[in-house]
Amino acid sequence: MSENEKYLTDGLSLQEVNERHEQGLDNHDTGAKTRSVKQIILDNTFTFFNIVNFILVMMVILVGSFKNVTFFGTVIINAVIGMVQEIRSKKTIDKLSLISSPKVTVLREGQEKTIGVTEIVLDDLMILGIGNQVCSDSIIVSGECEVDESLLTGESDPVNKKPGDHLLSGSFIVSGNVKARVEHVGEENYATQLAGNAKFIKKPNSEIVRSLNGIVKVVSFSLIPVGTALFCKAFFLQGDTLRNSVVSTVAALIGMIPEGLILLTSVVFAVSVVRLSRYKTLVQQLYCVETLARVDVLCLDKTGTITEGSMQVEGFIPFEGHNEDEMAEICGALTTVLDDNNPTFNALLDMYGRNSDWTANDVQPFSSAKKWSGASFEGRGTYIMGAGEFILGENFESVRSITEKYSSKGSRVLLLAKSTENFRDKELPENIETVGLILISDKIREEAPATLRYFADQGVELKVISGDNPVTVSKIAEKAGLENADMYVDASTLHTDEQIKDAVLKYSVFGRVTPDQKCKFVKFLKEAGHTVAMTGDGVNDVPALRESDCSIAMASGSDAARTVSDLVLLDSNFASLPKVVREGRRSINNLQRSAALFLTKTIFAILLSILFIFVKSSYLFQPIQISLISGLTIGVPSFILALEPNRDRVKGSFLLNVIRKAIPSALPVFFNIVFLVMVEESFGLSYEALSTVAVIVTFFAEMVMLFRVSFPFNAIRGTLFFAMAAGFILAYIFLGWFVSLITPSFVMLIVLLPLMLFTVFTNVVLSHLIEHVFIKKND
């Protein structure tokens, strides 16, 4: 027995396997990984924002003003929410990866063994049959098979493989049985290389994130110079105590930081994650919900998104002398006796089952080489179905035109034929007569038309991308209800970046697309100013998923595609996407309304901090007072308002929308404090009196803002408004001593009333003026 023959019968020995493991020539775990729990905790704890707040709270503690540390609670809660959400996403995606991890059968020392993918070594002899996944690149050494490489190439048509041909990791055997020698392991595998750097959950392109980061960055870097100036002025120039200097400085600085806005944003999107999980949608990053709501181009992978990945019988075209009932009976007989396993046969099997009572005396299974299968039945003759050009040979010209007519409409066309003769040594019989055509088509997802229509109605441009024939893809897209489905192009004709750039803006359907071209499609759409979402399920989709602003994967797809995506549809149901969009709209629109409350405080706090650097008066607020105002007019209301239903379309820039709502309330606060500083000596008010007036008038200005964002009132908003007003009054009466507020005197009331009227008047005037400028600019 030759060495090659021994290998085919015995495979590797245990000694050879152990040697390869020791040399690292094994299929060690190279799967896409999420971040570790430790890394998630560290990333959410040691942020610049958290460090700044920690320094401020330590300063307050060191001078003994313990009641003024309450602001640090929101910082802790914010970090915890971020950690919990990311760890939850990590565990879910890791669980999915574990469940879908395939096994493989190998031949070792003459025995078949089922092992995990990571146990495969170089030169292992894999035994592969119908339905098996190819877990390592390999070369066929015996047998023939058909392979589905759609997860790698995007092309759904099976590829015939024979001895000497290469099998790519990530593909599936759809028919036949082979033995294959492993030629690549670990990072050298094709699927691993194609997955590229898909190692971590990527950060989405979020306008809210950019806006918040911009606000925090600007404020944070202004803290040091402003804080230093305020402290030096209070301690060195005014001769105030160390405790009072630190407390007043910290009060000014925490007012500048919209710490609750970060918390609110985390909570709002965390709630969205919980809501979407009810629809079996895994959100892997908080802010991708917002990104999808802003998307204006959605790139769809045909297989697994528009279609189910399986096929269905569309109908029969009987030739003269035959009818559909006869064809249905013949198909039922063939599905009963044949054991083929390919998409077209499975479509017939789903339709007719195995219920025929016809008796077969000779059965010829399908093979990729001959492209047909059939059976001879006692007293009924021989029936064959398959590719017409292979069954009829030169006589195919008689049915070519009608076959191509239906092929051009996107159908896969099988010829059904009969003969009174038997098979000739596994070859076709003589005297073949055509019975009719069987039309097979991709099974369109039931929810696809309604989902495509939803996105079209929302002004989202749809692009269908596939590795299949562009005509077929176009017809499937048309059946699914895609607008402009006739605008298609064969991507194999696009050879330059300039051609790809022009095509992706012009066409709606793309066929024969390579993984590299998919990635370029997304890249060029983004360069054109679009916000792009991409759906996919295969390893071939990973580069494009990583490039997109919002990536969406099916749970039934590859491990790499799931892990690199922002959203994973756990039931692979395309209809979940509109729910994600609606959640995103609710989140964005409500956050814009609530964020205006936070930014009002930030704007007037920055202005006041700068003011008190140059005036001789001491800063009029303490940290505990800022916390009281923020809690009642910003914290509690913003959380309740942010979780209300809201399906309005997202319009304009998040940051600009927030600023134009915040300025009309922030400026009156600043003007009020300027007035108090100016009349401090004229009215003979003590620091405690001035501080109390400042707190009351600032609370009033924030309540005016709350009234504006809550209007028109409903039961929830009305109750909220009056409850917050009552909360301040009760805090004043029963906790005034704790928050350093004194009982108002007659002089204080005389000062207060005009300031309140001025606040309302200025708020109304500025609101109308800014809205007028904003609308005029948009026009």
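The residue count restarts for each chain, going from 1 along the sequence in the order it is written. The predicted origin of the model limits local features to residues at a pLDDT of at least 70 and limits the giving and counting of side-chain atom pairs to 80 or more, whereas totals for whole chains, interfaces and linings rest on all residues. In computing side-chain properties, one takes all heavy atoms of the structure into account and sets aside hydrogens as well as water.

Caption draft 1: Looking closely at the overall build of the chain. Of regular secondary structure, the chain possesses 27 helices and 21 strands. Using C-alpha atoms as the atom set, the radius of gyration is obtained and then compared with a globule rule of 2.2 Å times the number of residues to the power 0.38. The globule rule puts the C-alpha radius of gyration for 779 residues at 28 Å, and the 35 Å found for the chain is more than 25% above it. Seen along its three principal axes, the alpha-carbon backbone of the chain occupies a region of about 120 × 65 × 50 Å. Burial classification: accessible surface area is computed with a 1.4 Å probe over protein chains only, and a residue below 20% of its type maximum counts as buried, one above 50% as exposed, and the rest as partly exposed. Put simply, the chain has 779 residues, and 54% of those count as buried. For this analysis, residues touch if any pair of their heavy atoms sits within 4.5 Å. When contacts within the chain are restricted to residue pairs at least 6 apart in sequence, long-range pairs at least 24 apart make up 73% of them. Residue burial considers only the protein chains on display, and all accessible areas are found by Shrake-Rupley using a 1.4 Å probe. Total accessible area on the chain is roughly 33,500 Å²; 58% of this is exposed by carbon and sulfur atoms. Per the convention used, a helix needs a DSSP run of H or I reaching at least four residues, while a strand needs a run of E reaching at least two, with both numbered from the N terminus.

Caption draft 2: Focus on the nonpolar core. Within this scheme, the nonpolar core is defined by two criteria: the residues are buried Ala, Val, Leu, Ile, Met, Phe, Trp, Tyr or Cys, and they are joined through side-chain atoms within 4.5 Å. In this structure, Leu 292, Leu 608, Phe 612, Phe 621 and Ile 673 are the most contacted members of the largest nonpolar core, which totals 125 residues. It is helix α22 (residues 577-614) that provides the largest number of residues to this core, a total of 15 residues. Filtering out sequence-adjacent residues up to four positions away, Ile 673 remains in contact with Leu 608, Phe 612, Leu 620, Phe 621, Ala 694 and Thr 698.

Caption draft 3: A look at the sheet that holds strand β11 (residues 360-364). For two strands to pair, DSSP has to find at least two bridges joining them. Read across the sheet, six strands follow the order β10-β15-β14-β13-β12-β11 without closing on themselves; strand pairing throughout is antiparallel. In this open sheet, the two strands that pair with only one neighbour each are β10 (307-318) and β11. The sheet shows a mean angle of 20° between the axes of neighbouring strands, taken without regard to direction. The strands touched by helix α17 (residues 470-479) are β10 and β15 (433-444); relative to β15, the strand with the most contacts, the crossing angle is about 65°. Orientation is described by axes fitted as lines to C-alpha atoms, over the contacting stretch for helices, and by angles from 0 to 180 degrees between their N-to-C directions.

Caption draft 4: Up close: the pattern of salt bridges. Salt-bridge detection follows one rule: a side-chain nitrogen of Lys or Arg within 4 Å of a carboxyl oxygen of Asp or Glu. In the structure shown here, the tally under the stated rule is 24 salt bridges. Lys 520 is the salt-bridge partner of Asp 497, the closest N and O atoms lying 2.8 Å from each other. Taken together, the residues span a long stretch of sequence, with Asp 497 in helix α18 (residues 497-506) and Lys 520 in helix α19 (residues 515-527) at a distance of 23 residues. Its relative accessible area of 39% is what places Asp 497 among the partly exposed residues. A relative accessible area of 24% places Lys 520 in the partly exposed class. Salt bridges sharing common partners tie together Arg 20, Asp 123 and Arg 181.

Caption draft 5: Region of interest: a negative patch on the surface. A surface patch of negative charge is lined by Glu 3, Glu 16, Glu 19, Glu 22 and Glu 109. For the negative patch, the element with the most residues is helix α2 (residues 14-22), which contributes three residues. The exposure class of Glu 19 is partly exposed, given its relative accessible area of 34%. Within the patch definition used here, like charges are joined within 9 Å and nonpolar side chains (Val, Leu, Ile, Met, Phe, Trp, Tyr) within 5 Å, considering only residues with over 30% relative accessible area and no salt bridge. When charges are counted, neither His nor the chain ends are considered; positive counts come from Lys and Arg and negative counts from Asp and Glu. The atom standing in for a charge is NZ when the residue is Lys, CZ when it is Arg, CG when it is Asp and CD when it is Glu.

Caption draft 6: Broad picture of unusual backbone geometry. Looking along the chain, the bond that leaves Phe 711 and enters Pro 712 is cis, with omega of 0°. One non-glycine residue, Lys 371, lies in the positive phi region at around 65°. Residue placement: Lys 371 occurs in the loop between β11 and β12 (372-377). Of note in this structure, Lys 426 is not a glycine but carries a positive phi near 70°.

Caption draft 7: Fine view of the side chain of Thr 692. Residue placement: Thr 692 occurs in helix α25 (residues 687-710). Residue class for Thr 692 comes out buried when judged on its relative accessible area of 0%. Think of a polar contact as two N or O atoms within 3.5 Å of one another; within protein, one of them needs to be a possible hydrogen donor and the other a possible acceptor, and neighboring residues in sequence only count if both atoms come from side chains. In this structure the side chain of Thr 692 is engaged in a polar contact, spanning 3.1 Å, whose partner is the backbone nitrogen of Ile 742. Ignoring anything within four residues of it in the chain, the contact list for Thr 692 reads Tyr 732, Ser 740, Leu 741, Ile 742 and Met 748.

Caption draft 8: Spatial organisation of the packing of aromatic side chains. The rule is short: rings of Phe, Tyr and Trp, with Trp giving its six-membered ring, pair when the centres are within 6.5 Å, and they are stacked under 30 degrees, edge-to-face over 60, tilted in between. Tallied over the entire structure, the rule returns 24 aromatic pairs. Measuring from ring centre to ring centre gives 5.9 Å for Phe 670 and Phe 671, while their planes differ by 55°; the resulting arrangement is tilted. Here Phe 670 falls in the buried class, since its relative accessible area comes to 18%. Ring geometry for Phe 707 against Phe 713: centres 5.3 Å apart, planes inclined by 80°, an arrangement best described as edge-to-face. When its relative accessible area of 36% is taken as the criterion, Phe 707 is described as partly exposed. By relative accessible area, which is 32% here, Phe 713 ends up partly exposed. Among the aromatic residues, those joined into a cluster by ring pairs are Phe 707, Phe 711, Phe 713, Phe 721 and Phe 722.

Caption draft 9: Layout of the sheet that holds strand β19 (residues 532-536). In spatial order, the strands read β8-β21-β20-β19-β9-β16-β18-β17; together these eight strands make up an open sheet with mixed pairing. Each having just a single partner strand, β8 (281-283) and β17 (488-490) make up the two edges of the open sheet. If you compare each strand with its neighbour and ignore which way they point, the axes differ by 20° on average. Here five bridges tie strand β9 (residues 297-301) to strand β16 (residues 461-465), and the two strands are oriented parallel to one another. Note that in β16 the partner of Leu 298 across the bridge is Leu 462.

Caption draft 10: Quick peek at helix α13 (residues 343-352). Residues of α13 that are buried: Thr 344, Phe 345, Ala 347 and Leu 348. The arc that holds every buried residue of α13, seen down its axis, measures 155°, which confines them to one face. Two residues or fewer after α13 comes Gly 353, characterised by a positive phi angle close to 65°. The arc in question is the one spanned by the directions pointing from the helix axis to the C-beta atoms.

By themselves, these are just geometric observations and shouldn't be taken as functional.
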